[in-house]
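The primary structure of each chain is shown beneath.
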Amino acid sequence: MTAKIIDGTAIAQKVREEVKTKVAARAAAGKSQPALATVLVGERIDSRTYVSMKQKACAELGMISHHKPLPADVSQADLEKLIRELNADPQVNGILVQLPLPSHLDEERVLQLVSIEKDVDGFSPINLGRLAQRGREPLFVPCTPYGCIYLLKEAGVTIKGANAVVLGRSNIVGMPAALLLVKEDATVTIAHSRTKDISAVLRDADIVIAAVGRAQMVRGDWIKPGAAVIDVGINGVPVLDEKGNPVISEKTGKPKQKLVGDVNYDEAKEVAGFITPVPGGVGPMTIAMLMANTLRAAEIQGE
Ligand code: NDP
């Protein structure tokens, strides 16, 4: 069997087009442009890149972004003051605090402070708690897990009644992905670094969401034939030549790197029914869902 490739780039583009159309319709009706505040503490290159991608997406979709950079040594009090100001600011619909924060800051307190109506990342303990409760709905769902479920649905995978295994139990990916699958009536197993015999657990899974951050850990023979495999992992690995030696970039003089997922794609695609590539799978969905959440925030706030 060769798996159907779930094209995250195309599906994310579709989501973005839908958001763009709705934002334009709001403008035509005299409503405000949805606005996202991006809070970036420090100068981490990866965080800066993610924030600038989010700002660019806002601009492309007709939304406003208010960038709020803070120095790496900002105090907890000053960061909390900014969050309170953004909570109170009617010009701001969504607040995104780029994680991770420097270690001297209390991330939990900061996320708790973000107003749940503006919590477009879905990381506030109230939104996450509602996700875990039966009969309750969060205002916002964390963007990456939301993107994973969206991809499964777009691909036509039946979630209801399926055996799903989520590899990883982080607050931002694994756990909310598992909770979302439960809400969609899957039977869910969460596997992590203390799980015995992960391959045996996976072999029973109709749906696999892999979010461990371990390059190509999931092998093809761990996958149940026909399963849907969503690979969240983003791991840099050296590019090797045919002899297995690292290829050196002429430009930088350093070993060339490429991105791979947590799943051994070449093996798994021969067994799975559906699979997401890396890059071009879950990655583009995260920002698309953030844009959808920011539009929703403006709608909830009646702006
Ligand atoms: P974390 O490091 O926070 O969590 C990793 C999880 O994987 C933990 O629950 C850990 O278990 C588990 N784990 C680690 N090693 C193993 C192992 N050998 N066997 C079984 N379980 C293991 O990572 P994140 O959830 O933040 O991210 C996971 C991956 O997803 C990363 O590659 C990250 O780059 C990527 N990512 C991609 C995004 C996207 O937009 N596509 C967005 C966010 C993340 P334990 O709890 O026991 O320690």
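Here the structure is a predicted model, which means the values were calculated and not measured.

### Observations concerning the site of the ligand
Taken together, 21 residues form the shell around the ligand, and within it Arg169, Ser170, Ser193, Ile234 and Thr286 come nearest. Contact distances for the ligand include 2.5 Å between an oxygen atom and a side-chain N or O atom of Ser170. A distance of 3.0 Å separates an oxygen atom of the ligand from a polar atom in the backbone of Ile234. Protein contacts shield 70% of the accessible area of the ligand, which totals 930 Å² for the unbound molecule. Class assignment for the residues of the shell around the ligand results in 9 nonpolar, 10 polar and 2 charged.

### With respect to the pattern of salt bridges
Two side chains that carry opposite charge are able to pair once their charged atoms sit near each other. For the structure on display, the rule yields 12 salt bridges. A salt bridge links Lys14 to Glu154; the shortest N-O distance between them is 3.0 Å. Residue Lys14 is located in helix 1 (residues 8-28), and its partner Glu154 is located in helix 6 (residues 143-154); the two are separated by 140 residues in the primary sequence. Owing to a relative accessible area of 36%, Lys14 belongs among the partly exposed residues under this scheme.

### A few points about the sheet that holds strand 3 (residues 64-70)
Judged by pairing direction, the sheet is parallel, and its 3 strands sit side by side in the order 3-2-4 without closing on themselves. The open sheet has two edge strands with one neighbour each: strand 3 and strand 4 (94-97). On average, each strand axis in the sheet is inclined to that of its neighbour by 20 degrees, with strand direction left out of account. Where strand 2 (residues 35-41) lies against strand 4, 4 bridges are found, and the strand directions are parallel. Its bridge partner being in strand 4, Ala37 is matched across the sheet by Ile95.

### Thoughts on the domain arrangement of the protein
Structurally, the protein comprises domain 1 (31-129) and domain 2 (143-283). Distance from the C-alpha centre of domain 1 to the C-alpha centre of domain 2: 28 Å. Taken together, the contact pairs 4 residues of domain 1 with 5 residues of domain 2. Summed over both sides, the interface between domain 1 and domain 2 buries roughly 360 Å², with carbon and sulfur atoms accounting for 68% of that surface. When the area that domain 1 buries against domain 2 is broken down by residue, the three leading residues are Asp121, Phe123 and Leu128, summing to 77%. Across the domain 1-domain 2 interface, the total number found is 0 salt bridges.

Definitions and cut-offs
Residues numbered from 1 in each chain as written. Predicted model: local features only at pLDDT ≥ 70, side-chain atom pairs only at ≥ 80, totals over all residues. Heavy atoms only, no water. Near = heavy atom within 4 Å. Polar contact = N/O pair within 3.5 Å; in protein donor to acceptor, adjacent residues only side chain to side chain. Areas by Shrake-Rupley, 256 points an atom, 1.4 Å probe, with all protein chains shown as cover. Nonpolar A, V, L, I, M, F, W, Y, C, P; charged D, E, K, R; others polar. Salt bridge = Lys/Arg side-chain N within 4 Å of Asp/Glu carboxyl O. Helix = DSSP H or I, 4+ residues; strand = E, 2+ residues; numbered from the N terminus. Buried < 20%, exposed > 50% of the residue type's maximum accessible area, 1.4 Å probe, protein only. Pairing = 2+ DSSP bridges. Axes fitted to C-alpha atoms, helices over the stretch in contact; angles between N-to-C directions. Domains from an automatic or database assignment. Contact = heavy atoms within 4.5 Å. Buried area = accessible area lost by both parts, 1.4 Å probe.

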